[in-house]
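Descriptive structure summary
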Amino acid sequence: MPTITLNNLSVPFTPGSSVLEAARQNGVRIPTLCYHPILKSVGACRLCVVEVDGLRGFPTACTTPAADGMVVRTDTPALRSLRREVLSLILSEHPYTCLVCDRHDRCAEWQVTIRKAAVTTGCENCPKNGQCELQTLVDEVGLSLMPYSISYRGLPVEKKDPFFDRDYNLCILCGRCVRVCQDVRRTGTLAFIQRGSQTLVGTAFDKSHLEVDCEFCGSCVDVCPTGALYDKRSKWEGVPETTARTVCPYCSVGCELDLWIKRGKVVGVRPAGAVLPTGGLLTAPGGAAANTDGAPRNNGMACVRGRFGLVEMVHAPDRVRHPMLRKGGRLIETSWEDALAFLAEKLPAYRGESFALLASPHLTSESAYALQKFARQVMGSGNVDSPTALPRIPRIGELVDRLRAERSAPLRSLLDARSIVVIGANPRLSHPVAAVYIRQAQAAGARLIVVDPRRSELAKRADVWLPVKPGADAALLQELRQALARETIPGEPSNEQHALPQGGAPQGGAVAQAAHCLKTASPCVILYGSGVTHSLAAVETLDAIHDLAGDLQAGVIPLFGAANTLGVLDAGAVAVDEKQNYAGIVQGIANGEIKALYLAGEMPALDELMKLELLIVQDHFLSPNVAEYAHAVLPAASFAEVSGTLVNFEGRAQHFAPAIPPVGDTRPDWWIAAALARALGADGFTYSSAADVWQELDEQERPPVGQAASRPPSALDSQADYPFTLLLERNAYAYRSSALTDHIKGMELCKADEESLYLSVEDARRLAVAEGDLVQATSPAGSATFLAHLSADLPATLAYASINPAHGSQLFVGMLPGSKVCLVKIDKVTS
Amino acid sequence: METHECKTTTAGHPAGVEILEQRMLVPNVNVLTVRAPAIARKIQPGQFIILRADERAERMPLTVSDWDREAGTVSCVFMQVGTSTQKLGVLEPGDRLPTFVGPLGHPLEMANFGTVVLTSGCYGIGALYPAARRLRELGNHVIGMVEARSNFLLYWVEKYRSVCNEVIISTFDGSKPGKKGEGPVHLSDLLATGRKIDRIIGVGCTFMMYETARSTRNSGVKTIVSLNPIMIDGTGMCGACRVVVGGETKFACVDGPDFDAHQIDWELLLSRRKPYMEAEAVSIENW
Ligand code: SF4
Ligand code: SF4
Ligand code: SF4
Ligand code: SF4
Ligand code: FES
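A quick note: this is a predicted structure, and the numbers were derived from the prediction, not measured.

Concerning the overall build of chain B
The helix and strand tally for chain B stands at nine helices and 16 strands. Across the 287 residues in chain B, those meeting the buried criterion constitute 59%. At a minimum sequence separation of 6, the contacts of chain B that also span at least 24 residues come to 67%. Summed over all atoms, the accessible surface of chain B reaches about 11500 Å², with 50% contributed by carbon and sulfur.

Listed below in structure tokens is the structure:
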């Protein structure tokens with residue numbers, strides 16, 4: 001290992017480090033401000049100046065590469081005075097009074113009233129007080145007298161956007177927010193801008209973040225060293241009492257997050273690794289999540305759901321907090337004792353096939369396991385399923401498993417990929433952090449090939465877009481394989497672009513281009529999403545993906561919508577038999593064979609629920625139609641209140657511990673299943689913790705997987721009555737049986753196109769529909785009204801809509817959850 | 001005490017009081033001007049009004065900072081701290097306040113005392129201005145002491161200069177035109193010069209008034225402070241504004257808001273504010 005001499009001490013450092021990193025590796029502090037470990041160093045603030053023998057002047061440690069034998073001094077009188085000067089200059093445009101005020105301590109004690117001010121005028125009313133890097137720096141640099149008086153910018157505080165406020169009067173122009181947005185997230189929402197004679201950071205043309213397509217990922221807020229950018233929600237919470245490392249429960253990326261805790265409540269969320277520790281801030285104890293193999297895979301990132309959608313979900317005022325039983329037509333709060341006694345009396349009558357369980361793929365593995373065990377062993381019913389795929393087709397678990405066993409690739413492999421194929425997925429919405437990795441790979445030169453019926457946003461960013469008829473993916477992929485086989489170009493990677501020619505190439509051309517790309521750019525990673533698993537041709541497409549991945553020696557990442565699809569599969573909370581799958585269960589309810597239904601975080605939008613003799617709902621929230629029919633409501637503790645395991649799309653089991661005590665009278669899902677089993681007199685349910693359940697689950701043989709019967713390729717063929725193929729995007733903000741957009745203020749703004757229907761320009765002309773008209777889409781199952789939008793990105797007879805299933809769209813009544821396509825006719829609504 | 005419900009429900013006009021001007025003077029300090037002729041006719045220095053920003057907002061007392069008896073307008077300087085004041089801060093000219101009641105509270109005692117020092121900070125700079133104007137009219141030698149954390153938080157300095165004989169500006173950080181340090185420190189210095197001062201009046205945050213009381217305690221000069229603790233209904237019914245003065249329980253809204261600074265039980269007063277602030281933290285999140 002090379003060595004460097006730091007302040008007269010010779011110490012080793014990891015090759016490739018900067019002088020700053022070499023110092024940190026050896027526990028030597030150098031003051032920094034513009035540096036952040038997840039960002040490229042730019043040497044902008046000049047606080048990290050050092051003296052290096054043989055180098056003139058005072059180089060910045062963050063940008064100077066460490067070299068073997070280098071002699072560096074980090075703390076000399078000259079450096080100290082230089083740093084004081086640099087910091088004074090930086091602070092001269094900052095309301096610094098409190099920073100250098102000698103009555104600071106007394107003031108904090110008395111002036112309790114001034115904290116929640118509209119505008120921050122000093123630390124005492126700043127949301128960052130106690131966790132601010134400037135406060136640490138002033139101490140570190142030893143600044144006690146300011147030579148300059150404050151020149152306050154007097155800019156209005158920006159409060160109109162959701163989730164976070166921006167007060168650029170506090171900004172010290174370190175550029176961290178700009179770099180994270182441009183270089184890491186690759187969204188490019190933020191930039192240095194010029195306003196009059198002032199250089200500031202912000203959005204181009206001073207637009208609001210909503211107007212410039214900000215993803216509200218919160219990364220800029222996380223890296224900001226000052227109070228300039230701050231969460232609305234936790235603005236006045238101050239320094240958390242403690243933090244807890246956990247796993248995001250929303251999508252299958254499985255980002256590691258730090259929950260900020262105060263008074264037994266979650267008051268804030270930060271992605272692991274994003275926030276630099278400062279004097280006042282506690283860093284998360286590393287051991288809470290067991291998957292501490294190296295840096296968190298989200299690398300300091302999250303998305304709007306994980307970053308801004310957890311506190312409100314956990315502490316939502318409308319969360320179900322107590323068990324409820326229907327009495328005299330109304331749901332009445334009751335005790336666990338009474339609820340369990342009621343069910344212990346009712347349930348035995350439904351042992352066998354008249355009982356069914358539908359489990360959410362958002363459940364922890366432990367909960368899914370305990371629930372399915374309850375259904376199978378105590379209730380003696382095989383009617384157990386979870387919406388992991390389109391329910392009408394046979395189980396595809398086997399194919400998913402085969403890909404996982406043979407081709408599983410870590411998320412980070414995207415960064416080394418030279419080519420990426422995305423099939424049937426919209427990761428920017430569904431798996432935002434994976435989308436960031438794709439953008440980063442592209443920036444590093446990887447080729448992107450997108451298979452999608454519509455020219456989605458991702459397709460527009462792609463090198464090659466392969467438009468495909470819904471359901472015909474398998475045929476297209478086979479065509480691609482043949483083209484690959486024909487490609488004879490030797491494996492010399494070329495750098496020329498293979499953009500789709502203007503005006504769109506014939507299919508053959510695009511396939512040939514894609515084949516050329518793939519042949520010349522390896523390694524390759526293939527990602528597939530719900531457009532594959534939830535299409536009618538899921539089986540064929542998964543087969544084709546398996547073949548293609550084999551040809552290319554590519555890694556495969558499945559973009560499952562829910563956080564624990566793989567874990568729920570592993571836990572056996574899915575049907576073994578086609579008759580007992582989701583569709584079979586729904587049919588059983590409709591024809592009266594199934595009389596008792598246990599819904600654990602899952603909610604089919606079915607009128608038939610009213611036919612049930614016993615409906616048990618176990619969840620965080622009660623949707624109105626369930627509230628109408630449920631006989632018993634069991635309040636489930638949220639992920640923040642339980643320990644458990646989520647298996648992310650890499651197949652990695654991520655264990656997490658409870659961060660706060662259960663809200664109200666809620667209990668972990670697995671606990672409820674076990675308590676029910678015991679109430680029914682069953683043995684084998686004496687778990688005292690989730691770890692007990694995990695141990696049992698881990699020792700199990702994988703439950704048998706159903707046969708993936710092969711079916712004829714079943715691309716939907718338009719029929720005369722229903723000439724349009726409608727692609728349905730389910731609200732990516734769905735969680736268990738409700739949608740975050742319904743519970744979290746501001747979330748709906750990120751999802752503006754809900755209840756909108758996109759039509760090709762050609763079809764619109766034919767139907768005489770103009771932008772913004774109301775249209776009615778009618779499927780054999782029902783109809784729904786949408787706002788029409790014209791799109792140049794759709795071929796004729798293909799339409800696209802984003803819907804919120806929690807609102808029980810009429811198109812879904814009688815349709816099965818997860819359906820991605822249906823045939824419809826579209827009419828203009830004339831009123 | 002006089003209370004005048006000022007309900008302008010003249011036919012054709014919506015109920016409530018119309019906002020004529022809303023301006024942020026310096027960060028967090030706004031001046032709000034409304035049309036309220038009945039109040040403008042009667043108001044005296046030191047009196048306050050109670051308003052609500054909207055139908056759902058809580059009642060909030062604000063000291064009146066300026067008025068124009070002829071034009072029938074009343075202005076209040078207020079700090080945007082907490083939910084209610086931030087709700088008030090976003091209202092615009094033309095908006096209407098459902099409640100605007102006053103004048104309330106006892107006026108400050110106004111006479112020719114001789115030399116009077118007025119010491120103020122935050123919203124108090126505005127709140128004490130009418131007293132400065134009136135005391136000067138009555139022939140006093142008026143010394144206005146204005147404090148702010150930093151110069152960018154100073155306002156109405158020119159207005160003070162126009163009615164005071166002397167103006168002493170202090171900024172905690174010494175930024176110009178201020179003298180470095182807190183107002184009460186400069187007040188101590190002033191008293192230490194042996195100059196004859198006949199009365200001291202202080203308005204500002206509780207902490208600043210507490211410090212004022214401390215620095216004048218030994219001088220024997222009568223010191224009046226205006227208490228701004230939590231007042232909710234302005235009639236003494238709710239008891240939220242209880243203070244102990246000279247061993248007796250008083251209600252700031254009815255008996256005050258001005259009290260002899262040396263008689264106030266400060267420890268009690270300051271300790272009572274905390275629980276309220278915790279509740280406020282929750283209410284602003286849910287706003
Ligand atoms: S950003 Fe930091 S230094 Fe500036 S006011 Fe806030 S806490 Fe104080
Ligand atoms: S929230 Fe994310 S996308 Fe939006 S500006 Fe910040 S870093 Fe950029
Ligand atoms: S907003 Fe924050 S991160 Fe961005 S430049 Fe200013 S201080 Fe730095
Ligand atoms: S990308 Fe997925 S796992 Fe990560 S924060 Fe967002 S929803 Fe959670
Ligand atoms: S941290 Fe090195 S220049 Fe800013």
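A closer look at unusual backbone geometry
Cis geometry is adopted by the peptide bond preceding P523(A), which originates at S522(A) and carries an omega value of 5°. Tracing the chain through its elements places P523(A) in the loop between α17 (507-520) and β19 (524-528). The step from G102(B) to P103(B) runs through a cis peptide bond, and the omega angle for that step is -5°. Structurally, P103(B) is set in strand β7 (residues 99-104). Here the phi dihedral of N7(A) falls at roughly 45°; this positive angle occurs in a residue that is not glycine. Positionally, N7(A) belongs in the loop between β1 (3-6) and β2 (9-12). A positive phi is found at N8(A), a non-glycine position, where the angle reads about 75°. Mapped onto the elements of the fold, N8(A) is located in the loop between β1 and β2.

Here's the deal with the site of ligand 1
Near ligand 1, the surroundings consist of H94(A), L99(A), G122(A), C123(A), C126(A), K128(A), N129(A), C132(A), L134(A), Q135(A), T226(A) and G227(A). Counted by class, the shell around ligand 1 contains five nonpolar, six polar and one charged residues.

Re the domain arrangement of chain A
As assigned here, chain A comprises domain 1 (3-75), domain 2 (117-315), domain 3 (345-389 + 565-699), domain 4 (401-558) and domain 5 (724-828). Between the C-alpha centres of domain 1 of chain A and domain 4 of chain A there is a distance of 42 Å.

Describing the site of ligand 3
Every one of the 14 residues lining ligand 3 counts as a neighbour, but C171(A), C174(A), G175(A), C177(A) and C224(A) are closest to it. When the residues that make up the shell around ligand 3 are grouped by side-chain class, the tally is 11 nonpolar, two polar and one charged.

Section: the environment of Y369(A)
All names here are of chain A. Position of Y369 relative to the elements: it lies in helix α10 (residues 365-378). Along the primary structure Y369 and N591 are separated by 222 residues, whereas in three dimensions their C-alpha atoms are 28 Å apart. In contact with Y369, not counting residues within four places along its chain, are A571, Y687, V693, E696, L697 and Q700. Only 3.3 Å separates the side chain of Y369 from the side chain of Q700, close enough to count as a polar contact.

Comments concerning the sheet that holds β7(B)
What holds strands together in a sheet is hydrogen bonding between their backbones, with the strands either parallel or antiparallel. Residue and element names in this part refer to chain B. Here seven strands make up an open sheet; going across it, the order is β6-β1-β2-β5-β4-β3-β7 and the pairing antiparallel. Either end of the sheet is taken by a strand with one partner, and the two such strands are β6 (96-97) and β7. Across six bridges, the pairing between strand β1 (residues 17-26) and strand β2 (residues 29-35) is antiparallel. Counted as the bridge partner of I19 is V34 from β2.

What to know about helix α4 (residues 129-137) of chain B
Residues and elements named next belong to chain B. Where α4 is concerned, the buried positions are Y129, P130, A131, A132 and L135. Elements in contact with the buried residues of α4: β4 (60-68), β8 (115-121), α3 (124-127), β9 (141-148), α5 (157-163) and β12 (199-203). Following α4 by one or two positions, G139 adopts a phi angle in the positive range, close to 100°.

Observations regarding the pattern of salt bridges
Applying the stated criterion across every chain yields a total of 43 salt bridges over all chains. R766(A) is the partner of D763(A) in a salt bridge, and the nearest nitrogen-oxygen pair spans 3.2 Å. Of this pair, D763(A) and R766(A) both sit in helix α26 (residues 761-767), three residues apart, which is roughly one turn of the helix. Residues R23(B) and E21(B) are paired through a salt bridge, measuring 2.8 Å at the closest nitrogen-oxygen approach. What makes R23(B) partly exposed here is its relative accessible area of 41%. Among the residues examined, E21(B) registers a relative accessible area of 32% and is labelled partly exposed. Because the salt bridges share partners, they merge into one network encompassing R185(A), E215(A), R428(A), R439(A) and E457(A).

So, the environment of P348(A)
Residue and element names in this part refer to chain A. Along the chain, P348 turns up in the loop between α9 (336-346) and β14 (355-359). The class of P348 is partly exposed, set by a relative accessible area of 32%. For P348 and L680, which are 332 residues apart along the polypeptide, the C-alpha to C-alpha distance reads 7.6 Å. Setting aside residues no more than four positions away along its own chain, P348 makes contact with L343 and L680.

Quick word on the packing of aromatic side chains
Residues and elements named next belong to chain A. In this structure the tally under the stated criterion is 16 aromatic pairs over all chains. Between W336 and W671 the ring centres are 5.4 Å apart and the planes differ by 75°, which places this aromatic pair in the edge-to-face class. Highlighted residues: W336 in helix α9 and W671 in helix α23 (residues 669-679), separated in sequence by 335 residues. Given a relative accessible area of 7%, W336 falls into the buried group. What links up through ring pairs into an aromatic cluster is the set F163, F164, F216 and F308.

Looking at the side chain of D167(A)
All names here are of chain A. Within the secondary structure layout, D167 lies in the loop between β5 (164-166) and α5 (176-184). We note that D167 is buried and unpaired, the nearest opposite charge coming from K235 at a distance of 7.0 Å. A distance of 2.8 Å separates the side chain of D167 from the side chain of N169, its partner in a polar contact. For D167, the contacting residues outside a window of four places in its chain are V119, T120, V157 and A228.

Focus: the environment of D543(A)
Residues and elements named next belong to chain A. Positionally, D543 belongs in helix α19 (residues 538-552). Given a relative accessible area of 29%, D543 falls into the partly exposed group. Beyond its immediate stretch of four places on either side in the chain, D543 contacts L399 and R402. Side-chain polar atoms of D543 contact the side chain of R402, separated by 2.6 Å.

Comments concerning the pairing of β4(B)
Residues and elements named next belong to chain B. Of all nine residues in β4, seven are buried, a share of seventy percent or more. Examined bridge by bridge, strand β3 (residues 48-52) and β4 share four bridges and lie antiparallel to one another. Along β4, the bridge assignment pairs I49 with L62. Of the strand pairs in this sheet, β4 and strand β5 (residues 73-79) are connected by four bridges, and their pairing is antiparallel. The residue bridging D66 from the neighbouring strand is S75, located in β5. Linking two consecutive strands that pair antiparallel, namely β4 and β5, is a turn of four residues; a positive phi of about 75° is found at G72 within it.

A word on the domain arrangement of chain B
Residue and element names in this part refer to chain B. Domain boundaries in chain B define domain 1 (2-104) and domain 2 (115-271). If you look at the interface, domain 1 gives 20 residues, while domain 2 gives 22 residues. Taken over both partners, the interface formed by domain 1 and domain 2 buries close to 1700 Å², and the fraction arising from carbon and sulfur atoms is 67%. In this assembly, domain 1 and domain 2 are joined by two salt bridges. On the surface where domain 1 and domain 2 come into contact, there are three residue pairs in polar contact (both at pLDDT 80 or more). Elements represented by at least two residues in the side of domain 1 that touches domain 2 include exactly β1, β2, β3, β4 and β5.

Definitions and cut-offs
- Residues numbered from 1 in each chain as written.
- Chains lettered and ligands numbered in written order.
- Predicted model: local features only at pLDDT ≥ 70, side-chain atom pairs only at ≥ 80, totals over all residues.
- Heavy atoms only, no water.
- Helix = DSSP H or I, 4+ residues; strand = E, 2+ residues; numbered from the N terminus.
- Buried < 20%, exposed > 50% of the residue type's maximum accessible area, 1.4 Å probe, protein only.
- Contact = heavy atoms within 4.5 Å.
- Areas by Shrake-Rupley, 256 points an atom, 1.4 Å probe, with all protein chains shown as cover.
- Near = heavy atom within 4 Å.
- Nonpolar A, V, L, I, M, F, W, Y, C, P; charged D, E, K, R; others polar.
- Domains from an automatic or database assignment.
- Polar contact = N/O pair within 3.5 Å; in protein donor to acceptor, adjacent residues only side chain to side chain.
- Pairing = 2+ DSSP bridges.
- Salt bridge = Lys/Arg side-chain N within 4 Å of Asp/Glu carboxyl O.
- Phe/Tyr/Trp six-rings, centres within 6.5 Å; stacked < 30°, edge-to-face > 60°.
- Lys, Arg positive; Asp, Glu negative; His and termini not counted.
- Buried area = accessible area lost by both parts, 1.4 Å probe.

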